[in-house]
Amino acid sequence: MRVFYYISLSIQGAPPCATLFTLRHSPFTLRISFFSTSPVLSNRERFPYFFRTIPSDVYQAEAIVSLVKHFQWKYVSIVYEESSYGMLDGFNEVDQQLNRHGICIALREQLLKDSGVPKDEDYDKIVQRLLEKKLARGVIIFGSDQEVAGLMRAVRRAGETGTFAWIGSDGWGGRGLAYMGNEEEVEGAVTVQPLAEEVQGFKDYFLKLRPSSNTRNPWFPEYWEDVFQCRHEKAPRTPNNKYYNRTCQEDMSIEEDHPFMMEAQLQFVSDSVMAFAYAFKEIHGNFCLGVPGVCEAMKKVPGEVIKDALQKVKFTGLSGQEFEFLSNGDGPSRYRILNFRKTESGGYEWATVGFYKNSTLNITDPIIFRTTEPDHPPSVCSSKCSRVQYMEPIPGDPCCWYCKDCLTYQYRPDETKCVECPDGTLPSYNMTSCIEIPPIYLRYTDAIALAAMAVATLGILATLVTAAIFLKHNNTPVVKASGRELSFVLLLGIFLCYTMTFLLVSKPTKYVCGAQTIGIGFCFSVCYSAILTKTNRISRIFRAGKRTVKRPKFISPESQLVICASLVACQIIVSLIWLLTSPPNARSFYARRDDHQLVCEAAIGFAYMIGFSYPIFLVLVCTVYAVITRKIPEAFNESKYIGFTMYTTCIIWAAFVVIYLSTSHNIQIRIATMCFSISLSATVALICMFTPKLYIIIMRPERNVRQSMMAKNMHVKLNNSSPGGRVDSGTQSDDFEMSRHLRSSGSFSSAYSRSTNATQTYSNGHSISTQTLDSVGDPRFDDDDVEL
């Protein structure tokens, strides 16, 4: 059996150039193309026996897009020829690659080719449409040299030379037909070309060829005629050589300085032949086992064996480059990057400025656009928006946009929109996220908190000193007469009021908020329950003294404590109900958009007024009793100090409520105001209720005796007597525990015959039963019977 092969050349767009190999009884075709670049041929299911030494246009599209990315272009136009090369191989692949990398296409224009011959007007229209997208200065041209030349002439006619920066395919890059006569328009163009090196020894071989010695090539005589402008006797008659008058001589030769250019893709031809040679060498070694020639076993080699052998070949070609097929039968993805630029001598050249190998672009030499504009121009529709702006697409052209400012409290999750940050957060500096605003709350180190705690500390010290003095003089008449039990309850309430400041300025937590919920009402209820018990007792005693000599009920110290505790219990019940219906919680509060306050939930709005409602009720009742008992004789004038305490407290609380309601936006000021109001209320009670007694105990100890508590020193004017000595305003006698010593008969005259008048009138015009006054001075009375 004879084995034969041939290599036939074809132009772009024609069926693949091939090497055909046939075997008897088992016909099949193996093709190795050196110039077919269509991506369709990479489909192994459709073309299982197709190989090529040139890379697919898929990789050329990747190289072109890599150049676009290198120039940082975001907005480009594509011009492609009307052919399978321009449409299927070029435009489709480039379009997909650009979309995959987020690069916008401003315009898609088609160069007429397969359906007709384009006219100048057709090229002019394309140029005008390109000018309408003038911001897209980068233009990708996927076409052949003849069509590109027509486009460049249209650019010159429009006077737009240098307006655009071209990126070209291998169909026109490096080809003279595209740039000759259009050098200024093509200047700066960057094209990709399959990487091929010179086949070593081929040029010397070709220069020695003669028509007489190269008889196997039927086209060589015609080529010889074209080079020497002569007629060769073996060449066929053509429209060209019929004008040649002289006859070609045999001694003619092509010298090295003769103007001719070798095809740059010769490497792919030699690689295709050598691929077959290495494949057959491998097969011959496996089947013939060293026997020279085609052995019997090789005559029936299955096609799959030859295919597998081709897939495995790996060699160094005549160009010096390593070669092996990719898994799909394509040649290695290797491209040369060419830049058409002006030389120092004033000419133009296609200079190699980089390479694209294995999906990596490597620029080895600076790319020059034009001599007047060395760097490639920008090709963007809209400049990148600043960090505080977002892109709003322009209707009808989504590749272009307006830059619009984000609002103050918005961030950019992506470049196309701004989103409001949640409450309590602000946009980060780069606007890509929201960051939390550090929460603020009343801290121990704040100036207003320090002032409130200083006042509270002084109040606590004063309260402790007062309590210590009262304990030291616990058995003296002044302390006894002041109602010791309720006095210490009142001091406890005042102490709690001062300590509330430290609780209120603490960092809000669930437990701190719960303690505040209970504490703000409890401390006040202790104070005003004690004062209310005092004023109620005085009022009942003097009302009873006007009507009867019977002892009023529930005026003993034990009874007073029970009454006071009952009043306090009401506040505890209110607080417990409040806790159950609205559990305490520390939460974020946003009075303003740029604000983030950490507060107790009850501090928001008017919830704290629930805790103050019962104490306010006690204050109002105490004030009413203070008004009722305002005309009690001066000797019984503790009601006067209670009244002054209540009037002042009402003023403080009226001011506090106004401030509380007007500071809803700033919880820190609200809490600080509450601290000062509580401390001030406690201070008023401490000064008014205890300073007169402390004055006698410390400054006038001689008056801290039982006689000072008796009626002989009371500022009382009897109808039949002149003014006598007066009891200091600090010693007040309200009832002398008269009912404890009234006899059941109701007659004081039987016990104290010294009294001559049935009724004695005080200087203020009010009267009280004789028994009430005559009881003063009775040795059976104890000092506890006098409450100051």
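Residues numbered from 1 in each chain as written. Predicted model: local features only at pLDDT ≥ 70, side-chain atom pairs only at ≥ 80, totals over all residues. Heavy atoms only, no water.

Peer 1: Tell me about the overall build of the protein chain, residues and numbers included.
Peer 2: A tally of regular secondary structure across the protein chain gives 20 helices and 22 strands. Within the span of the protein chain, comprising 788 residues, buried residues form 50% of the whole. Here the analysis covers contacts within the protein chain between residues at least 6 apart in sequence; of these, 66% occur between residues at least 24 apart. Carbon and sulfur atoms make up 57% of the accessible area of the protein chain, which totals about 37800 Å². (Helix = DSSP H or I, 4+ residues; strand = E, 2+ residues; numbered from the N terminus. Buried < 20%, exposed > 50% of the residue type's maximum accessible area, 1.4 Å probe, protein only. Contact = heavy atoms within 4.5 Å. Areas by Shrake-Rupley, 256 points an atom, 1.4 Å probe, with all protein chains shown as cover.)

Peer 1: So what's going on with the confidence of the model for the protein chain? Which residues, and what values?
Peer 2: In the predicted model, the protein chain carries a mean pLDDT of 79, and 82% of its residues have values of at least 70. Below pLDDT 50 for its whole length, residues 709-788 participates in 187 contacts with residues either more than four positions away or in separate chains. (pLDDT = per-residue confidence, 0-100.)

Peer 1: Report on helix 10 (residues 303-312), specifying residues and quantitative values.
Peer 2: Those residues of helix 10 not exposed but buried are G303, I306, K307, A309 and L310. Taken around the axis of helix 10, the buried residues stretch over an arc of 160°, which confines them to a single face. For helix 10, the secondary structure elements touched by its buried residues are strand 1 (31-33), strand 2 (50-52) and helix 9 (266-287). (Arc of directions from axis to C-beta.)

Peer 1: Can you break down the packing of aromatic side chains residue by residue, with the values?
Peer 2: The way to describe two aromatic rings as a pair is by their centre distance and the angle between their planes. The final tally for this structure, using the stated rule, is 30 aromatic pairs. A ring pair is formed by W172 and W350, whose centres lie 6.4 Å apart and whose planes are at 75°; its orientation type is edge-to-face. With W172 in the loop between strand 6 (165-168) and helix 5 (176-179) and W350 in strand 11 (residues 348-357), this residue pair connects regions lying 178 residues apart in the sequence. For the pair shown, W172 and W350 are each scored as buried. Measuring from ring centre to ring centre gives 4.8 Å for Y278 and F315, while their planes differ by 5°; the resulting arrangement is stacked. With Y278 in helix 9 and F315 in strand 8 (residues 314-316), the pair connects residues that are 37 residues apart, well separated along the chain. One Lys or Arg, R44, reaches over the ring of F51 and ends 4.7 Å from the middle of that ring. Over the aromatic face of Y429 sits the side chain of R387, whose NZ or CZ is 3.8 Å from the ring centroid. (Phe/Tyr/Trp six-rings, centres within 6.5 Å; stacked < 30°, edge-to-face > 60°. Lys NZ or Arg CZ within 6 Å of the ring centre and 35° of its normal.)

Peer 1: Can you explain the packing of helix 11 (residues 447-472) against helix 18 (residues 667-699)? Please cite residues and give values.
Peer 2: Between helix 11 and helix 18, the least distance of the axes is 9 Å, while the angle of their chain directions is 25°. Accordingly, the angle class assigned to the pair helix 11 and helix 18 is roughly parallel. The two elements helix 11 and helix 18 meet at a crossing, and its hand is left-handed. Contacts between helix 11 and helix 18 involve I448, A451, A452, V455, A456, A462, T463, T466, I469 and F470 on the former and, on the latter, I669, A672, C675, F676, S679, L686, F690, K693, L694, I697 and I698. Among the residues forming the contact of helix 11 with helix 18, the class breakdown is 17 nonpolar, 3 polar and 1 charged. (Axes fitted to C-alpha atoms, helices over the stretch in contact; angles between N-to-C directions. Parallel < 35°, antiparallel > 145°, perpendicular 65-115°, else oblique. Left-handed = near helix turned anticlockwise from the far one by under 90°. Nonpolar A, V, L, I, M, F, W, Y, C, P; charged D, E, K, R; others polar.)

Peer 1: Which residues make up the nonpolar core, and what values do they have?
Peer 2: Considering soluble globular proteins, one finds that nonpolar side chains tend to be buried as a cluster. Ranked by internal contacts, the top residues of the largest apolar core, which has 70 residues, are I494, Y528, Y608, F612, I671 and M674. Ranked by residue count, the leading element in this core is helix 18, at 16 residues. Dropping the residues within four chain positions of it, M674 is found in contact with L504, I520, Y608, F612, F656 and Y660. Core analysis: the second largest hydrophobic core is formed by 30 residues, Y59, Y80, F91 and V192 among them. (Core = buried A, V, L, I, M, F, W, Y, C linked by side-chain atoms within 4.5 Å.)

Peer 1: Please set out the side chain of E109 residue by residue, giving values where relevant.
Peer 2: For E109, the location among the structural elements is in strand 4 (residues 104-111). Setting aside residues up to four positions removed in sequence, E109 forms contacts with I78, V79, Y80, I126 and R129.

Peer 1: Requested: an account of the sheet that holds strand 3 (residues 75-81), with residues and values cited.
Peer 2: Spatially, 8 strands are ordered 4-3-5-6-7-10-11-12 in an open sheet, and the strand pairing comes out mixed. Here the strands that pair on one side only, and so sit at the sheet edges, are strand 4 and strand 12 (360-363). Strand-to-strand twist across the sheet, computed as the mean angle between neighbouring axes with direction ignored, equals 25°. Of the strand pairs in this sheet, strand 3 and strand 4 are connected by 7 bridges, and their pairing is parallel. Along strand 4, the bridge assignment pairs V79 with E109. Strands strand 3, strand 4, strand 5 (138-142) and strand 6 of the sheet are contacted by helix 4 (residues 145-157), whose axis makes an angle of about 150° with strand 5. (Pairing = 2+ DSSP bridges.)

Peer 1: How would you summarise the state of the cysteines if you had to cite specific residues and measurements?
Peer 2: For the structure shown, the criterion picks out 7 disulfides. Shown here is the disulfide that connects C230 with C248, its sulfur atoms set 1.7 Å apart. With the S-S dihedral at roughly 95°, the linkage between C230 and C248 falls on the right-handed side. Pair noted here: C230 is in the loop between helix 8 (220-228) and helix 9 and C248 is in the loop between helix 8 and helix 9, with a separation of 18 residues, a long-range link. (Disulfide = S-S within 2.5 Å.)

Peer 1: Tell me what's going on with the environment of K208, and back it up with residues and numbers.
Peer 2: The topology assignment puts K208 in the loop between helix 7 (202-207) and helix 8. Under the relative-accessibility criterion, K208 is labelled exposed at 65%. Considering only alpha carbons, one finds K208 and S253, 45 residues apart in sequence, at a separation of 7.3 Å.

Peer 1: So what's going on with the packing of helix 3 (residues 120-132) against helix 4? Which residues, and what values?
Peer 2: Relative orientation of the contacting elements helix 3 and helix 4 amounts to 65°, with a least axis distance of 8 Å. One finds that helix 3 runs roughly perpendicular with respect to helix 4. In this structure, the crossing between helix 3 and helix 4 has a hand that is right-handed. On helix 4, the residues that touch D120, Y123, D124, I126 and V127 of helix 3 are E147, G150, L151, A154, V155 and R157. Within the contact of helix 3 with helix 4, the residues separate by chemical class into 6 nonpolar, 1 polar and 4 charged.

Peer 1: Now, about the pairing of strand 7 (residues 190-194): what can you tell me, with residues and values included?
Peer 2: Consecutive side chains along a regular strand alternate between the two faces of the sheet. Counting buried residues in strand 7 gives 5 out of 5 residues, a clear majority hidden from the surface. Neither face of strand 7 is open: one carries V190, V192 and P194, the other T191 and Q193, and all of them are buried. Bridge count between strand 7 and strand 10 (residues 334-342): 5 bridges; the pairing is antiparallel. Among the inter-strand pairings, V190 is bridged to a residue of strand 10, identified as N339.

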